[in-house]
Amino acid sequence: TANTNSLNADQQEFAALQSQLDQIANSTSFGGTNLLNDSYSNEVFQIGAYAASVDQVTVTIATLNTTALGIASTAVSIGTVSAAISAMAAVQSAILAVASAEAVVGAAQNQVQAIIANDTVAQQNVQSANSTLVDTNMAQAMTQFASQQVLMQAGVAMLSQAQALPQLILKLLP
């Protein structure tokens, strides 16, 4: 059974936890914007090449301080047994609200991760295509080089024969 002293101690601990939740809600930020205190609404992340909504992810995080969650010290107390029983329902509702906010953020994170994975595959495909083109260009250049080399050797051989022809004619004359 709960006596007055233990209920008072429990109330003090509950108030400290409420204060801690508000401190977390007021200090959690990203890029200078508070995330959990009604400041992070309709934030747009550009995830594609165009300004169209299909290339953007919009995120809104619900306010998650004790007042918004319905568990502020002015609204919820556990100083009596009946108040503690009522507080349990409020805390359960607050847990569901936090889980819902977490699901919103998780869904946006999954969407961004899927885009990153897709872009990584596209980048690898472009690099592979570029490599194939470079290899093809190199093979074509080597073929042209070999062809030119054969033509040059044939020309040198013909020139050599052309220079030797007058010598043969001179040898035939007495």
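Placed above this text is the structure.
Residues numbered from 1 in each chain as written. Predicted model: local features only at pLDDT ≥ 70, side-chain atom pairs only at ≥ 80, totals over all residues. Heavy atoms only, no water.

Thoughts on the overall build of the protein chain
Part 1 of the reasoning: Helices and strands together make up the secondary structure of the protein chain, namely three helices and four strands.
Part 2 of the reasoning: Of the regular secondary structure in the protein chain, the N- to C-terminal order runs α-β-β-β-β-α-α.
Part 3 of the reasoning: Against the globule reference of 16 Å for 174 residues, the protein chain gives a C-alpha radius of gyration of 40 Å, more extended than a compact globule.
Part 4 of the reasoning: Dimensions along the principal axes, computed over C-alpha positions, put the protein chain at roughly 145 × 35 × 25 Å. (Helix = DSSP H or I, 4+ residues; strand = E, 2+ residues; numbered from the N terminus. Rg over C-alpha atoms; globule rule 2.2 N^0.38 Å.)

Quick look at the layout of surface pockets
A probe matching the size of a water molecule, rolled over the atoms, marks out where space remains unfilled.
Part 1 of the reasoning: A volume near 250 Å³ is recorded for the largest pocket.
Part 2 of the reasoning: Of all the secondary-structure elements, those providing two or more residues to the lining of the largest pocket are strand 4 (56-59) and helix 3 (81-172).
Part 3 of the reasoning: Of all the elements, helix 3 adds the most residues to the lining of the largest pocket, at five residues.
Part 4 of the reasoning: Counted by class, the lining of the largest pocket contains 10 nonpolar, two polar and no charged residues.
Part 5 of the reasoning: Considered as a void within the structure, the second largest pocket measures approximately 150 Å³ in volume.
Part 6 of the reasoning: Considering the residues around the second largest pocket, the lining is formed by Leu-21, Ile-24, Ala-25, Leu-36, Leu-64, Leu-69, Ile-71, Val-91, Ala-94, Ile-95 and Val-98.
Part 7 of the reasoning: If you tally residues by element for the lining of the second largest pocket, the top one is helix 3, at four residues.
Part 8 of the reasoning: The residue makeup of the lining of the second largest pocket, split by class, is 11 nonpolar, no polar and no charged. (1 Å grid on protein atoms, 1.4 Å probe; cavity = no way out; pocket = protein on both sides within 12 Å on 5 of 7 lines; lining within 4 Å. Points joined across faces, edges and corners; volume = space filled by probe spheres on them. Nonpolar A, V, L, I, M, F, W, Y, C, P; charged D, E, K, R; others polar.)

Focus: the pairing of strand 4
Part 1 of the reasoning: Burial along strand 4 is one-sided: Val-57 and Val-59 are buried, while Gln-56 and Thr-58, pointing the other way, are not.
Part 2 of the reasoning: As defined by bridge partners, strand 3 (residues 43-46) adjoins strand 4 across four bridges and the pair is classed as antiparallel. Considered in strand 4, the bridge of Val-44 is made with Thr-58. (Buried < 20%, exposed > 50% of the residue type's maximum accessible area, 1.4 Å probe, protein only. Pairing = 2+ DSSP bridges.)

Regarding the nonpolar core
Part 1 of the reasoning: Residues Leu-36, Val-59, Ile-61, Ile-71 and Val-76 are the most contacted members of the largest nonpolar core, which totals 19 residues.
Part 2 of the reasoning: Those elements that provide at least two residues to this core are helix 1 (4-27), strand 4 and helix 3.
Part 3 of the reasoning: Per-element tally for this core: the top contributor is helix 3, with five residues.
Part 4 of the reasoning: Among residues more than four places away in sequence, those in contact with Val-76 are Phe-14, Gln-18, Gly-70, Ile-71, Ala-87 and Ala-90. (Core = buried A, V, L, I, M, F, W, Y, C linked by side-chain atoms within 4.5 Å. Contact = heavy atoms within 4.5 Å.)

Side note on the environment of Leu-151
Part 1 of the reasoning: Mapping Leu-151 onto the fold places it in helix 3.
Part 2 of the reasoning: Taking the relative accessible area as the measure of exposure, Leu-151 reaches 55% and is therefore exposed.

Structural notes on helix 3
Part 1 of the reasoning: Between its terminal C-alpha atoms helix 3 stretches 135 Å, which fits the 136 Å expected from 92 residues at 1.5 Å a residue.
Part 2 of the reasoning: Of all the residues in helix 3, the buried ones are Ala-87, Ala-90, Ala-94, Ala-101 and Ala-108.
Part 3 of the reasoning: On the buried face of helix 3, the contacting elements are strand 4 and helix 2 (66-69). (Expected span 1.5 Å × (residues − 1).)

Considering unusual backbone geometry
Part 1 of the reasoning: For Asp-38, which is not glycine, the phi torsion reads 70° and is therefore positive.
Part 2 of the reasoning: Looking at the secondary structure, you find Asp-38 in the loop between strand 2 (33-34) and strand 3.
Part 3 of the reasoning: Its relative accessible area of 59% is what places Asp-38 among the exposed residues.
Part 4 of the reasoning: Unlike most non-glycine residues, Asn-42 shows phi in positive territory, near 55°.
Part 5 of the reasoning: Topologically, Asn-42 is positioned in the loop between strand 2 and strand 3.
Part 6 of the reasoning: When its relative accessible area of 52% is taken as the criterion, Asn-42 is described as exposed.

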